[in-house]
Structures are given as C-alpha cells and as structure tokens.
Amino acid sequence: ADVGRYEALLASSRWTMLSSYTLMFLLAPLLPEVFQRLGRPVTEATSWASSLDMVRVATFASLMVLHGWRGRKAPLICAAVALPLGFAAVLGGGSLVTVVLGQVVFGVLAGVTYHAALYYALVLENAAVDAGGGHERMIGLGLAIGPAIGLLGDALAGADNDALGYILIAALPLVFCTGFAALRSLFRVTAAERVDAGLSRAARP
C-alpha cells in the first residue's frame, strides 16, 4: 500500500514539476517586460525578479528539515492547483504587490514539487542513479517547452502589443493537461485506499 501511494505521489509531483519548470523557463525572459510595464527601473526590477528563486531555495532548505509533508497528498494537490495561479499573477499582475506575491507562491510550490519528486524517486528506486535521471528529464522537457510556448504566444499576438496575454493563453493547454494528470494520480490512489480499507473491514471476524 505504501509503495502504491508513493508511486502515485511521485507521478503527481513529476507532472507538476514539468509544469513548474516549463512555466519557470517561460517566465525568465518575460520578467523584464513585466516590470517595465509596471514602470520599475532595471536596477529595482532585478531585485524583485530574484524573489522567485530566493523563495524556492528557502523552500528546499525548509523541506530538508521538516518531514511532515512526506507521504501526504495535500501539498501536491495545493501545488497542482495554485502553481498556475501564481504564474498568472506574475505574468498578468497589475501591481508590484500582485507580481511579487505571485512569485512567492510560484517559488514555494515549485520548490515543493521539485523536492517531493526527488524524494519519492529516491525512496522508490533505492537512491539509484536513474531516479535522478528521471528528474532531470522533466527539467529538460521544461527547458524545451517553455520557450516554445513563448514563441507560440508571440505568433498568436502578431502585431498586437499585448503579447503577455497571448502567452498566458498559449500556456493553458499545458497547465490543464499536467494539472489533470497530477490530480488524477492522487485521486486514483485515494480510491484504491478506500477499496483496501473496505476489504480489510470485510475480512474482520
């Protein structure tokens, strides 16, 4: 039962991690444009843009010390649902507060999915080399898909000056598909656990 649960948690975290790295590599070249739209000078914008990575690193460090999240579905459900909202707040936010809060939400949940995916892979595969290899494949896919979505958004925008809005639209299919796959993995294991619990009760004298 624990193995099945961890496999579902691994699948869910990897799907959301694919989404997080795709959106992260999409955000990186767009952040200067976001802060320019808000009228922030380059020197100030550089500091604000680092918020996402600073929060992500802090999340890594925290999860190494705090172990209560292990084996739980709630952090991954939250990540699958709220990570795209953080992305949308960064890209479409109309104020500095909204953009920075979006970076904080995105950074925390990206850190959660990265750490969870690596942890569950190492546990299930006994710290084998391929556990890390699967992890890196997701990052590599994100590196390729993110810029591709940006190019698609630019193509959809054409002569329209509001390319950011079109990029949000172009990202929707990926966000929907990865979110659905991540949540489906978790709800399938929930259903299996309920069946097991029912069989256990039926077997009692």
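Bear in mind that the values here come from a model prediction, so they are computed numbers and not experimental data.

A. Local environment of the overall build of the protein. Along the protein, the regular secondary structure elements total eight helices and zero strands. Ordering the α and β elements of the protein from the N terminus gives α-α-α-α-α-α-α-α. Looking at the protein as a whole, 42% of its 205 residues qualify as buried. Within the structure as shown, the protein displays about 10600 Å² of accessible surface, and the carbon and sulfur contribution to it stands at 68%.

B. Geometry of the nonpolar core. Ranked by size, the top nonpolar core spans 35 residues in total, and within it Leu23, Leu26, Phe87, Leu91 and Phe106 carry the most contacts. Mapped by element, the contributors of at least two residues to this core are helix H1 (2–27), helix H2 (31–37), helix H5 (74–92), helix H6 (96–124), helix H7 (129–157) and helix H8 (163–203). Residues in contact with phenylalanine 87, not counting those within four places in the same chain, are Leu23, Leu26, Leu27, Phe106, Leu168 and Ala171. Within the second largest apolar cluster, eleven residues are counted, among which are Tyr6, Leu10, Trp69 and Val112.

C. Layout of H5. In this model, H5 (19 residues) spans 27 Å end to end at C-alpha, consistent with the 27 Å of a helix rising 1.5 Å per residue. Residue alanine 82 marks the point of greatest curvature in H5, where the axis turns by about 35°; the proline proline 84 follows within four residues. Looking only at H5, the buried set comprises Leu76, Ala79, Ala80, Ala82, Leu83, Pro84, Gly86, Phe87, Val90 and Leu91.

D. Spotlight on the environment of serine 51. Among the structural elements, serine 51 can be located in helix H4 (residues 51–65). Between the alpha carbons of serine 51 and valine 104 there is a distance of 6.7 Å; along the sequence they are 53 residues apart. If near-sequence neighbours (up to four positions away) are discounted, serine 51 is found in contact with Val100 and Gln103. Among the polar contacts made by the side chain of serine 51, one reaches the main-chain carbonyl oxygen of tryptophan 48 at a distance of 2.8 Å.

E. Spatial organisation of the packing of aromatic side chains. Applying the stated rule across the entire model yields nine aromatic pairs. Considering the side-chain rings of tyrosine 21 and tyrosine 114, the 6.1 Å spacing of their centres and the 50° angle between planes classify their relative orientation as tilted. You can see tyrosine 21 sitting in helix H1 and its partner tyrosine 114 sitting in helix H6, a full 93 residues away along the chain. Three or more aromatic residues joined by ring pairs make a cluster, and in this case those are Tyr6, Trp69, Tyr119 and Tyr120.

F. Seen up close, the pattern of salt bridges. Going through the model one piece at a time under the given rule, you end up with two salt bridges. Put simply, arginine 40 and glutamate 44 hold a salt bridge, and the shortest N to O gap is 3.0 Å. The exposure class assigned to arginine 40 is partly exposed, which follows from its relative accessible area of 33%. Residue glutamate 44 is classed as partly exposed on the basis of its relative accessible area of 27%. Between aspartate 53 and arginine 56 there is a salt bridge, with its nearest N and O atoms 3.3 Å apart. Of this pair, aspartate 53 and arginine 56 are both found in helix H4, three residues apart, which corresponds to roughly one turn of the helix. On the accessibility criterion, arginine 56 (15% relative accessible area) is buried.

G. Region of the structure containing the packing of helix H3 (residues 42–49) against H6. Axis separation between H3 and H6 bottoms out at 10 Å; the angle between their running directions is 35°. Counting all contacts with H3, which are made through Glu44, Trp48 and Ala49, the residues of H6 involved are Leu96, Val100 and Gln103. For the contact of H3 with H6, a count of residues per class yields four nonpolar, one polar and one charged.

H. View of the packing of H1 against H6. Orientation of H1 relative to H6, taken along the N-to-C sense of each, is 140°, at an axis distance of 8 Å. The orientation of H1 relative to H6 falls into the category oblique. When the axes of H1 and H6 are compared, the crossing they make is left-handed. Looking at the contact of H1 with H6 residue by residue, the class counts come to 18 nonpolar, four polar and two charged.

Calculation criteria
- Residues numbered from 1 in each chain as written.
- Predicted model: local features only at pLDDT ≥ 70, side-chain atom pairs only at ≥ 80, totals over all residues.
- Heavy atoms only, no water.
- Helix = DSSP H or I, 4+ residues; strand = E, 2+ residues; numbered from the N terminus.
- Buried < 20%, exposed > 50% of the residue type's maximum accessible area, 1.4 Å probe, protein only.
- Areas by Shrake-Rupley, 256 points an atom, 1.4 Å probe, with all protein chains shown as cover.
- Core = buried A, V, L, I, M, F, W, Y, C linked by side-chain atoms within 4.5 Å.
- Contact = heavy atoms within 4.5 Å.
- Expected span 1.5 Å × (residues − 1).
- Bend = angle between axes of the 7 residues up to and from the residue.
- Polar contact = N/O pair within 3.5 Å; in protein donor to acceptor, adjacent residues only side chain to side chain.
- Phe/Tyr/Trp six-rings, centres within 6.5 Å; stacked < 30°, edge-to-face > 60°.
- Salt bridge = Lys/Arg side-chain N within 4 Å of Asp/Glu carboxyl O.
- Axes fitted to C-alpha atoms, helices over the stretch in contact; angles between N-to-C directions.
- Nonpolar A, V, L, I, M, F, W, Y, C, P; charged D, E, K, R; others polar.
- Parallel < 35°, antiparallel > 145°, perpendicular 65-115°, else oblique.
- Left-handed = near helix turned anticlockwise from the far one by under 90°.

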